[in-house]
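As a plain string of letters, each chain reads:
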Amino acid sequence: MRDSLGRNINYLRLSITDRCNLRCRYCMPGDGVALAAHDELLRYEELLRVAEAAISLGIDRFKVTGGEPLVRRGCVDFVRSLKALPGVRQVTLTTNGLLLPPLLDGLCAAGLDGVNISLDTLDNAQYQRLTRRGHSADEVLRAVRLCAARLPTKVNAVLLPETADQLIPLAELAAQLPVGVRFIERMPLGAGESGRTVTADAALDRLRTRWPSLAPTDGICGNGPARYFHAEGMQGCIGLIDAVSHGFCSRCNRLRLTSTGFLKPCLCYEQGVDLKPLLRGSADDAALRDAICKAILQKPAAHCFTQRDHITEHHSMNQIGG
Ligand code: SAM
Ligand code: SF4
């Protein structure tokens with residue numbers, strides 16, 4: 001379905017939990033955030049019902065996210081059920097990777113089409129400071145290597161001043177492995193509200209000191225919000241997501257469903273449509289479809305990350321569903 005500006009909305013990010021086994025500084029406060037009560041989280045059957053209604057409106061790509069999606073029991077079965085819905089073209093997963101290795105066989109068998117693993121630094125001490133739960137970057141790196149051998153794999157790193165020395169080491173992963181390493185500007189949301197970002201352009205300049213032949217590629221590595229680059233000899237590619245400085249809003253194709261069933265047309269604003277009363281009331285499929293259409297038609301022209309006093313979304317990313 002097209003929104004009021006003619007953008008083709010074909011992608012839905014489904015958050016299946018607000019819980020997480022990490023406390024990344026840019027995402028959540030150290031003592032966590034108030035978590036939704038268990039019965040406030042949508043059940044898997046409810047998520048699948050939303051997916052079916054979305055498919056009937058032309059949405060055919062889904063990303064399973066959170067919080068940390070793999071902390072929710074039944075996630076593999078959910079991926080299988082989602083992928084089996086008629087009309088679904090692609091199901092991918094965004095994860096911090098820590099719980100991934102023992103679930104990888106199951107996820108591959110369930111038909112998962114790709115995985116995005118968040119890893120902001122390869123330095124174990126830095127990783128612990130940033131994620132605040134005693135885990136190491138090596139654990140995540142192991143998951144990246146296992147996935148890269150089985151599935152289309154991307155590594156997502158948020159561009160933070162405190163990890164600026166990791167830009168080239170992380171990008172080296174794209175040289176050594178068939179993965180896309182994507183650097184994402186830190187967005188001023190939730191626990192990230194007051195934090196600074198390194199801009200994607202500054203990151204690109206730095207990367208070109210190591211790979212002077214880094215050149216844009218045309219959709220070879222993906223068609224999402226990233227600008228992709230490749231240098232001779234690289235197995236994978238490098239992506240830059242300038243979510244804040246340039247914005248990709250004119251190409252935005254997505255909606256987000258929070259784990260409690262609130263459908264959001266844009267990260268920046270609190271506006272959206274609460275689907276939970278419909279799912280738990282007597283609404284039929286047509287009413288559910290109408291509610292999704294309403295959210296699509298509410299989609300604003302652009303985010304307002306550069307005018308922070310215009311941001312009306314004050315939940316943290318684990319609650320919104322990053
Ligand atoms: N827990 C999973 C993970 O970390 O991949 C999935 C949920 S997490 C909220 C999704 C993505 O949002 C991660 O790649 C994370 O780095 C990113 N993220 C969280 N807060 C952010 C912020 N303030 N700016 C930019 N990206 C952010
Ligand atoms: Fe958890 Fe992901 Fe947020 Fe980190 S970014 S705290 S892993 S939800």
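Bear in mind that the values here come from a model prediction, so they are computed numbers and not experimental data.

Student: Quick question: what am I supposed to make of the site of ligand 1 here?
Tutor: Close to ligand 1 lie 16 residues, the nearest being G67, T94, S118, M187 and M317. One nitrogen or oxygen atom from the side chain of E68 is found 3.2 Å from a nitrogen atom belonging to ligand 1. A distance of 2.6 Å is found between an oxygen atom of ligand 1 and a side-chain nitrogen or oxygen belonging to S118. Taken by itself ligand 1 offers 550 Å² of open surface, and the protein chains cover 95% of this. In terms of residue class, the shell around ligand 1 is made up of 5 nonpolar, 8 polar and 3 charged.

Student: Looking at this structure, how should I read the packing of aromatic side chains?
Tutor: Think of a pair of aromatic rings as described by two things: how far the centres are apart, and how the planes are tilted against each other in angle. In total, this model carries 1 aromatic pair according to the counting rule given. Between Y44 and F78, the ring centres sit 4.9 Å apart and the planes meet at 20°, which makes this aromatic pair stacked. With Y44 in helix α1 (residues 44-56) and F78 in helix α2 (residues 75-84), this residue pair connects regions lying 34 residues apart in the sequence. Residue classification places F78 among the buried residues on the basis of a relative accessible area of 2%. The ring of Y44 carries R72 above its face, with NZ or CZ at 4.1 Å from the centroid.

Student: Sorry if this is basic, but what is going on with the pairing of strand β6 (residues 179-185) here?
Tutor: Regular strands have side chains that alternate between both faces of the sheet. Taken across its 7 residues, β6 has 7 buried, putting it largely inside the fold. Burial along β6 is two-sided: the residues V179, V181, F183 and E185 and G180, R182 and I184 are all buried. With 7 bridges connecting them, strand β5 (residues 153-159) and β6 associate as parallel partners. Paired with V155 across the bridge in β6 is V181. One crossover worth recording links β5 to the parallel β6 by way of helix α6 (residues 167-176), and it is right-handed.

Scoring rules and cut-offs
Residues numbered from 1 in each chain as written. Chains lettered and ligands numbered in written order. Predicted model: local features only at pLDDT ≥ 70, side-chain atom pairs only at ≥ 80, totals over all residues. Heavy atoms only, no water. Near = heavy atom within 4 Å. Polar contact = N/O pair within 3.5 Å; in protein donor to acceptor, adjacent residues only side chain to side chain. Areas by Shrake-Rupley, 256 points an atom, 1.4 Å probe, with all protein chains shown as cover. Nonpolar A, V, L, I, M, F, W, Y, C, P; charged D, E, K, R; others polar. Phe/Tyr/Trp six-rings, centres within 6.5 Å; stacked < 30°, edge-to-face > 60°. Helix = DSSP H or I, 4+ residues; strand = E, 2+ residues; numbered from the N terminus. Buried < 20%, exposed > 50% of the residue type's maximum accessible area, 1.4 Å probe, protein only. Lys NZ or Arg CZ within 6 Å of the ring centre and 35° of its normal. Pairing = 2+ DSSP bridges. Right-handed = clockwise from strand over helix to strand, strands pointing away.

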